[in-house]
Amino acid sequence: QVQLVESGGGLVQPGGSLRLSCTASESLFAFDAMGWYRQAPEKERELVAVRPRWGSPNYADSVKGRFTIIRDNAANMVYLQMNNLKPEDTAVYYCRGDRASGGAWGQGTQVTVSS
C-alpha cells in the first residue's frame, strides 16, 4: 500500500498564496497520474488539478491561471502551488495517486481563505 502524506494547508488572506506538498512512500511512477482534489462543506469532492505520468496537466476551470501542479519524481513528491487565493477556494484538499489497481488518497489538509 502506497502512502500519501500532505502538508502545507492553513489560513491565508484573499489574494495570498499557499503551496501544498504531498509525499509518497514509493515512486510516483507507481501511479498513472497524480492529482489534487478538494471538498468544501456539503459539497462533493471535485478535481482541482491532475498530472498524468506522461501527459500535460489539466485544471478545473475555477483554478486555471492560479494553481499549478508540480511533480518532483526524484523526491517522490507532488505540489500544488496556489496563487491569488479566493474565499471560494476554502476546502479540504486531498492528494490523489491514481492507478487502475486502486490508487491512494492523502489524509487531507485544510485550506481556509479569509480576511
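Not measured: the values here are computed from a predicted model.

### Concerning the overall build of the protein
And step 1. Assigned secondary structure in the protein consists of zero helices and eleven strands.
And step 2. Sequence-ordered secondary structure for the protein, helices as α and strands as β, is β-β-β-β-β-β-β-β-β-β-β.
And step 3. In the protein, which comprises 115 residues, the share counted as buried stands at 41%.
And step 4. In the protein, 54% of the contacts between residues at least 6 apart in sequence involve partners at least 24 apart.
And step 5. Put simply, the protein has 12 plus and 11 minus side-chain charges, and the middle of one group is 4 Å from the middle of the other.

### Looking at the sheet that holds strand 3 (residues 18-24)
And step 1. On the basis of which strands lie adjacent, the open sheet formed by four strands has the order 1-3-8-7 and antiparallel pairing. Each edge of the open sheet is held by one strand with a lone partner, namely strand 1 (4-7) and strand 7 (67-72). Within the sheet, the average angular offset between the axes of one strand and its neighbour, ignoring direction, is 15°.
And step 2. Both strand 3 and strand 8 (residues 77-82) contribute to a ladder of six bridges, which runs antiparallel. Residue pairing for strand 8: S21 is matched across the bridge by Y79.

### Regarding unusual backbone geometry
And step 1. A positive phi angle, close to 65°, is found at E42, a residue other than glycine.
And step 2. Within the element layout of this structure, E42 appears in the loop between strand 4 (33-39) and strand 5 (46-52).
And step 3. Classification of E42 by relative accessible area gives exposed; the value is 88%.
And step 4. Of note, N84 is a non-glycine position whose phi angle comes to about 50°, a positive value.
And step 5. In this structure, N84 sits in the loop between strand 8 and strand 9 (91-98).

### Some points on the pattern of salt bridges
And step 1. Counting across every chain of the model gives six salt bridges.
And step 2. Between R38 and D89 there is a salt bridge; the shortest N-O distance is 2.9 Å. With R38 in strand 4 and D89 in the loop between strand 8 and strand 9, this pair connects stretches of sequence that are 51 residues apart. Residue R38 shares its accessibility class with D89, and that shared class is buried.
And step 3. A salt bridge links D61 to K64, with the nearest nitrogen and oxygen atoms 3.1 Å apart.
And step 4. D61 gets classed as exposed once you look at its relative accessible area, which sits at 64%.

About the thresholds
Residues numbered from 1 in each chain as written. Predicted model: local features only at pLDDT ≥ 70, side-chain atom pairs only at ≥ 80, totals over all residues. Heavy atoms only, no water. Helix = DSSP H or I, 4+ residues; strand = E, 2+ residues; numbered from the N terminus. Buried < 20%, exposed > 50% of the residue type's maximum accessible area, 1.4 Å probe, protein only. Contact = heavy atoms within 4.5 Å. Lys, Arg positive; Asp, Glu negative; His and termini not counted. Charge placed at Lys NZ, Arg CZ, Asp CG, Glu CD. Pairing = 2+ DSSP bridges. Axes fitted to C-alpha atoms, helices over the stretch in contact; angles between N-to-C directions. Salt bridge = Lys/Arg side-chain N within 4 Å of Asp/Glu carboxyl O.

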